[in-house]
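Each chain, written out:
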Amino acid sequence: GHLFIAIKGIRHDGHKFIDELYKKGFRNFLISDAEFETSNYPQANFLLVDNTLKAFQELAKNHRLQFEIPVIGITGSNGKTIVKEWLSTCLKNQYKICKSPKSYNSQVGVPLSVLGLNSEAEMAIFEAGISQQGEMEKLQNIIQPSIGIFTNIGQAHSENFNSLAEKATEKLKLFSSVEKLIYCKDHIVIHRVITK
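Quick notes on the rules
In every chain, residue numbers begin from 1 and rise along the written sequence. At least 70 in pLDDT is required for a residue's local features to be given in this predicted model, at least 80 for side-chain atom pairs to be given and counted, and no such filter applies to totals for whole chains, interfaces and linings, which use all residues. With hydrogens and water set aside, each side-chain value is computed from the structure's full complement of heavy atoms. A run of H or I in DSSP becomes a helix once it reaches four residues, and a run of E becomes a strand once it reaches two; helices and strands are each numbered from the N terminus. For every residue, the accessible area obtained with a 1.4 Å probe (protein chains only) is divided by the maximum for its type, and the residue is called buried under 20%, exposed over 50%, and partly exposed between those limits.

## Considering the environment of glycine 134
Reasoning step 1: Positionally, glycine 134 belongs in the loop between β6 (123-127) and α5 (135-143).
Reasoning step 2: The partly exposed category is assigned to glycine 134, whose relative accessible area is 35%.

Following this line, the structure appears as structure tokens:
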């Protein structure tokens with residue numbers, strides 16, 4: 001069956017979709033609103049947690065731990081999706097590859113991508129994007145890449161960082177336990193952060 005995860009965001013609250021989904025036949029819901037009137041949905045199963053996004057990320061992390069295959073993690077200010085697509089095209093004749101759909105590289109997109117891993121996969125390629133401090137550690141925890149690719153560093157999503165070096169340092173957290181890291185040595189900011 002399906003599980004609907006009611007995530008509360010800045011603009012949307014997933015709990016508002018439960019009524020409509022229940023009418024469509026959904027019966028399993030992960031919620032964080034303790035005030036939600038579950039008795040209105042007698043045939044549904046509700047699992048109440050403090051933070052549905054965090055619970056979703058934990059589900060994905062535990063799913064990832066079932067697989068001992070090479071996992072490539074890609075981050076950078078630009079080019080993540082292009083590099084992922086190019087790599088998967090180059091490798092698809094040698095490996096059955098699981099990859100992030102589209103540009104699923106956010107706090108929600110990464111767990112969705114990782115949950116796509118199945119027993120047929122021989123290699124995975126996931127991208128990770130951040131817009132502020134503290135985000136990459138969560139994504140690293142879910143992806144746990146064995147190989148890292150750092151595309152570049154630039155001004156995209158820089159409003160929450162004091163410098164490019166600070167942003168590069170945060171992005172580098174994706175690679176805290178990789179066996180191999182691929183990056184452009186000529187990119188001075190990235191090279192300095194990595195060698196430090």
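## Here we look at unusual backbone geometry
Reasoning step 1: Even without glycine at this site, lysine 102 takes up a positive phi of about 45°.
Reasoning step 2: Structurally, lysine 102 is set in the loop between β5 (97-99) and α4 (109-114).
Reasoning step 3: Residue lysine 102 is classed as exposed on the basis of its relative accessible area, which comes to 62%.
Reasoning step 4: With a phi angle near 45°, glutamine 144 is a residue other than glycine that sits in the positive phi range.
Reasoning step 5: With respect to the element layout, glutamine 144 can be found in the loop between α5 and β7 (147-150).
Reasoning step 6: Of the residues examined, glutamine 144 reaches a relative accessible area of 24% and is grouped as partly exposed.

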